[in-house]
Structures are given as C-alpha cells and as structure tokens.
Amino acid sequence: MIRVLLADDQALIRGGFRALLEAEDDLEVVGEAADGSQAVELAVRHRPDVALLDIQMPVMDGIEATRRIVADERLTGVHVVMLTNFGVDEYVLDALRAGAAGFLLKDTEPADLLSGIRVAARGDALLSPTITRRLMDEFVLQAPAAEVADLSPLTNREREVLALVGRGMSNDEIATRMVISPFTAKTHVSRAMVKLGARDRAQLVVLAYESGLVSKRSSPVNRVPPSGVSPR
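Residues numbered from 1 in each chain as written. Predicted model: local features only at pLDDT ≥ 70, side-chain atom pairs only at ≥ 80, totals over all residues. Heavy atoms only, no water.

## Regarding the pattern of salt bridges
Note the cut-off: We define a salt bridge as a side-chain nitrogen of Lys or Arg found within 4 Å of a carboxyl oxygen belonging to Asp or Glu. Runs of H or I in DSSP of at least four residues are treated as helices and runs of E of at least two as strands, each being numbered from the N terminus.
Taken as a whole and assessed by the stated rule, the structure comprises twelve salt bridges. The residue Arg-74 makes a salt bridge to Asp-72 at a minimum N-O spacing of 2.7 Å. Note that Lys-195 and Glu-158 form a salt bridge whose closest N and O atoms lie 2.9 Å from each other. Here Lys-195, found in helix α9 (residues 182-196), pairs with Glu-158, found in helix α7 (residues 156-166); they are 37 residues apart in sequence, far enough to count as distant. Members of the salt-bridge network, linked through shared partners, are Arg-14, Arg-18, Glu-22 and Glu-32.

## Here we look at the side chain of Thr-66
As a reminder of what qualifies: Contacts: residue pairs with any heavy atoms within 4.5 Å of one another.
Here Thr-66 lies in helix α3 (residues 62-71). Beyond its immediate chain neighbours, meaning those up to four positions away, Thr-66 contacts Leu-53, Val-80, Met-82, Ala-95, Ala-98, Gly-99 and Ala-100.

## Notes on the pairing of strand β4 (residues 79-84)
The criterion, for reference: Each residue is assigned to one of three classes by its accessible area relative to the maximum for its type, calculated with a 1.4 Å probe on protein chains only: buried under 20%, partly exposed between the two thresholds, exposed over 50%. Between any two strands, pairing holds if DSSP finds at least two bridges.
The buried count for β4 comes to six of six residues, which makes it a mostly enclosed element. By the alternation rule, side chains of β4 split into His-79, Val-81 and Leu-83 and Val-80, Met-82 and Thr-84, which are all buried. In terms of strand pairing, strand β3 (residues 50-54) meets β4 through five bridges, oriented parallel. By the bridge assignment for β4, Leu-52 is matched with Val-81. Where β4 lies against strand β5 (residues 102-105), four bridges are found, and the strand directions are parallel. Among the inter-strand pairings, Met-82 is bridged to a residue of β5, identified as Phe-103.

## Describing the sheet that holds β3
Going by this rule: Geometry is summarised by axes, namely lines fitted to C-alpha atoms with helices restricted to the contacting stretch, and by angles between N-to-C directions that run from 0 to 180 degrees.
In spatial order, the strands read β2-β1-β3-β4-β5; together these five strands make up an open sheet with parallel pairing. Each having just a single partner strand, β2 (27-33) and β5 make up the two edges of the open sheet. When strand polarity is set aside, the average angle formed by the axes of neighbouring strands in this sheet is 25°. Docked against the sheet, helix α2 (residues 36-46) engages β1 (2-7), β2 and β3, running at close to 140° with respect to β2.

## Examining the side chain of Glu-158
Inclusion rule: N or O atoms closer than or at 3.5 Å make up a polar contact, with two conditions inside protein: a donor-capable atom paired with an acceptor-capable one, and, for residues adjacent in sequence, both atoms drawn from side chains.
Judged by its relative accessible area of 3%, Glu-158 falls in the buried class. Reaching out from Glu-158, the side chain makes a polar contact with the backbone nitrogen of Thr-155 at a distance of 3.0 Å. Once residues lying within four places of it in the same chain are set aside, the contact partners of Glu-158 are Pro-153, His-188, Arg-191 and Lys-195.

And the structure:
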C-alpha cells in the first residue's frame, strides 16, 4: 500500500485528489494539509511514502516544506512531488534543488497522476525527458552559476552514467547505450547518488547540468511516453 499525504490550500482540490486516490486498491491518503507547515507536521506524524505538495501555499510554501521534509532524518523514505498550475517555471527548479522527486501539473490526466505517484513511491525521478530539457534549458543554463558539485569521488564510468541520467535516460536505456546489464546500470546510478549525496534521480539530473556534464547541445533523448512520466 502506497501512503500519500496531500497538501493544498484549496479544500476542493484536496477532496478531488483524495477521491481519485482512494478509489485505487494500492493507494491510501493518510493526511491532508492546508499549508506547508501542516504538511511538515503531518509528514512527521504519518511518514507517508509520497507527499503531494502544492508549490504556493500560505504560512509556508511547498518549497520550504520540501526542504524541511528532506532535511529531517526521520523522513528519508518520503518522496516529495510538487503540484503546480504553472508548468516549467523557476519554482520547479527551486523545488528540485530543495529535494523534490519531481512535479505534476494540477490539470494532468487522472491516470497520469496515479502513475506519477507510483513512480515517485519507488524512488524514480518524476521528470519526462521533454520536461527535463525545457526545465534545464530555460533555467539551469540561464541562471547565475551555482556552486559546482564536486564530481571527484565518481569513477569515469559513474560520470558517464550521471551524464546519461541528466539526458533523461532510464536504467534500461543507459544499459543499452553503455553495453552493460540493467542491474549494473542501476548499481552505477545508486553509487553516484551515494557519493554525491543526492536524494534521488531528480537531484542527479540537476547536478549533471550544474556540473557541466550535460549541456544544451546534448539535450535529453526524445522518448517520452504518452503519459509524460519517465520510465524506470
């Protein structure tokens, strides 16, 4: 059972999401919050698998709530997914840097929302290659230079894998590109996450761009599925 926390300042939206989620056999809503502060409190109380947080909320916005959830050692198993009306904007990049696993538009199709929650629950980045390309082209590559990540702990093989993750490739696609097994690709990704202190693949994507491993010329591969959710 995937346990989900909902946080949005509009009760009607929360009610709609709850009805949709609780109609599924494998999803359970464990709490609802009307602002970011309540979301953090309920995350500590319920330890959900996925926290769906609106970006703009009163008292504390979703980005700061994400930052606090990610920083809490008791909540290492909570995967934060941001909800937004605005598509790709600067708030999304801030959310990813804060530790969000990805984001979903509020007007997404119900099936895609459900699929996205399941993707996030298993620890995968909720970023399609198309969204990754737009996000990084519009904001990472135009933003003031951030502190460059230290990639020295990575082996050459792990650097190559990090670059492919940054281009939006799944483990299976990385395995095919590098002529290795999917298990070996997953191992390289996991080791890169540990060495760089990344919480999930979404943060690896940001690090790949900010470190210069991926540039605008090497945009993510164009193989987004109809749902807009990146595969494993």
